[in-house]
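Okay, here's what each chain looks like letter by letter:
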Amino acid sequence: MGDVGRRVRMSAPQRREQVLGIGRQVFAERGYDGASMEEVAARAGVSKPVVYEHFGDKEKLYHAVVDREVRALLDRLTAALTAGHPRRLLEQATLALLGYIEDDTDGFRVLMRDSPMMSGGGSFAGLLNEVAHRVKGHVAAGFAARGYDRDLAELYAQALTGLVAFTGRWWLDVRQPPREVVAAHLVNLVWNGLSGLQHDPYRVTEER
């Protein structure tokens, strides 16, 4: 009976989840342009029409994969931000992002691979904007408590998010030192920089 006889029977939701997981693997390995519905179907052990039945086309499958990964990362980040002290919040956010990179490597690779057909909201840059938006409230509260301009919270949230995320992109491949050590150094850099933050910063090339 061949492969058809050995095919695992799944309910429609189970098959959809299986195809979604395999799609994540293929997009992580090949990128959007290099991935094909034929390869997804072959790895899933189903015919290509079955894949199309669940997702319509490659673009819809890609969007479904990206949407799930964005939710997973943002949920992890939100759950991690429980501390009251700003330095602990920074450490929790850093460890949450590095933990996602380590535990869900395929998902992070998909998010990093900006596809030209994706809108800004579905790209890696769009994701970073959403992460920064969630961090902004904590930064603004800390600024207000210390007499800094709350209106600058967005700028600092973007800067902090970019620092951690792009260090994470590098760490994704090298995996050294361990994530706890990476987090400690990033928090050290950021916290000690914030502790000496000037209320009215100026460029060193400016005349005073």
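Residues numbered from 1 in each chain as written. Predicted model: local features only at pLDDT ≥ 70, side-chain atom pairs only at ≥ 80, totals over all residues. Heavy atoms only, no water.

**A closer look at the environment of His-85**
So, step 1. As for its position among the elements, His-85 is in the loop between helix 5 (58–80) and helix 6 (86–103).
So, step 2. Along the backbone, His-85 and Gly-142 are 57 residues apart, and their C-alpha atoms lie at a distance of 9.0 Å. (Helix = DSSP H or I, 4+ residues; strand = E, 2+ residues; numbered from the N terminus.)

**Re the side chain of Thr-94**
So, step 1. Note on placement: Thr-94 falls in helix 6.
So, step 2. Non-local contacts of Thr-94, meaning those with residues more than four positions away in its chain, are made with Val-164, Ala-183, Leu-186 and Val-187. (Contact = heavy atoms within 4.5 Å.)

**What to know about the packing of aromatic side chains**
So, step 1. Counted according to the given criterion, the structure contains 4 aromatic pairs.
So, step 2. Aromatic pair Tyr-32 and Tyr-62: ring centres 5.0 Å apart, planes at 70°, arrangement edge-to-face. Here Tyr-62 lies in helix 5 and Tyr-32 lies in helix 2 (residues 12–34), a separation of 30 residues in the sequence.
So, step 3. Each ring, one from Tyr-100 and one from Phe-108, has its centre 6.3 Å from the other, and the planes form 75°; the classification is edge-to-face. For the residue pair Tyr-100 and Phe-108, the accessibility class agrees, reading buried in each case.
So, step 4. Each residue in the set Phe-27, Tyr-32 and Tyr-62 is aromatic and connected to the rest through ring pairs, giving one cluster. (Phe/Tyr/Trp six-rings, centres within 6.5 Å; stacked < 30°, edge-to-face > 60°. Buried < 20%, exposed > 50% of the residue type's maximum accessible area, 1.4 Å probe, protein only.)

**Observations regarding the packing of helix 7 (residues 105–112) against helix 9 (residues 153–174)**
So, step 1. At a closest axis distance of 12 Å, the pairing of helix 7 and helix 9 adopts a crossing angle of 125°. It follows from the interaxial angle that helix 7 and helix 9 lie oblique. Note on packing geometry: the crossing formed by helix 7 with helix 9 is left-handed. Contacts from Thr-105, Phe-108, Arg-109 and Met-112 in helix 7 reach Ala-165, Gly-168, Arg-169, Leu-172 and Asp-173 in helix 9.
So, step 2. Grouping the amino acids of the contact of helix 7 with helix 9 by side-chain chemistry returns 4 nonpolar, 2 polar and 3 charged. (Axes fitted to C-alpha atoms, helices over the stretch in contact; angles between N-to-C directions. Parallel < 35°, antiparallel > 145°, perpendicular 65-115°, else oblique. Left-handed = near helix turned anticlockwise from the far one by under 90°. Nonpolar A, V, L, I, M, F, W, Y, C, P; charged D, E, K, R; others polar.)

**Quick word on helix 5**
So, step 1. Taking 1.5 Å as the rise per residue, helix 5 with 23 residues should run 33 Å; its terminal C-alpha atoms sit 33 Å apart, in good agreement.
So, step 2. Every buried residue belonging to helix 5 is among Lys-58, Leu-61, Tyr-62, Ala-64, Val-65, Val-66, Glu-69, Val-70, Leu-73, Leu-74, Leu-77 and Ala-80, and all of these are buried. (Expected span 1.5 Å × (residues − 1).)

**Examining the nonpolar core**
Side chains of nonpolar character tend, in soluble globular proteins, to be buried together.
So, step 1. Counting 64 residues, the largest nonpolar core has Phe-27, Leu-61 and Leu-111 as the members making the most contacts within it.
So, step 2. Among the elements that line this core, the one with the most residues is helix 5, at 10 residues.
So, step 3. Setting aside residues up to four positions removed in sequence, Phe-27 forms contacts with Tyr-32, Ala-35, Lys-58, Leu-61, Tyr-62, Val-65, Val-110 and Arg-113. (Core = buried A, V, L, I, M, F, W, Y, C linked by side-chain atoms within 4.5 Å.)

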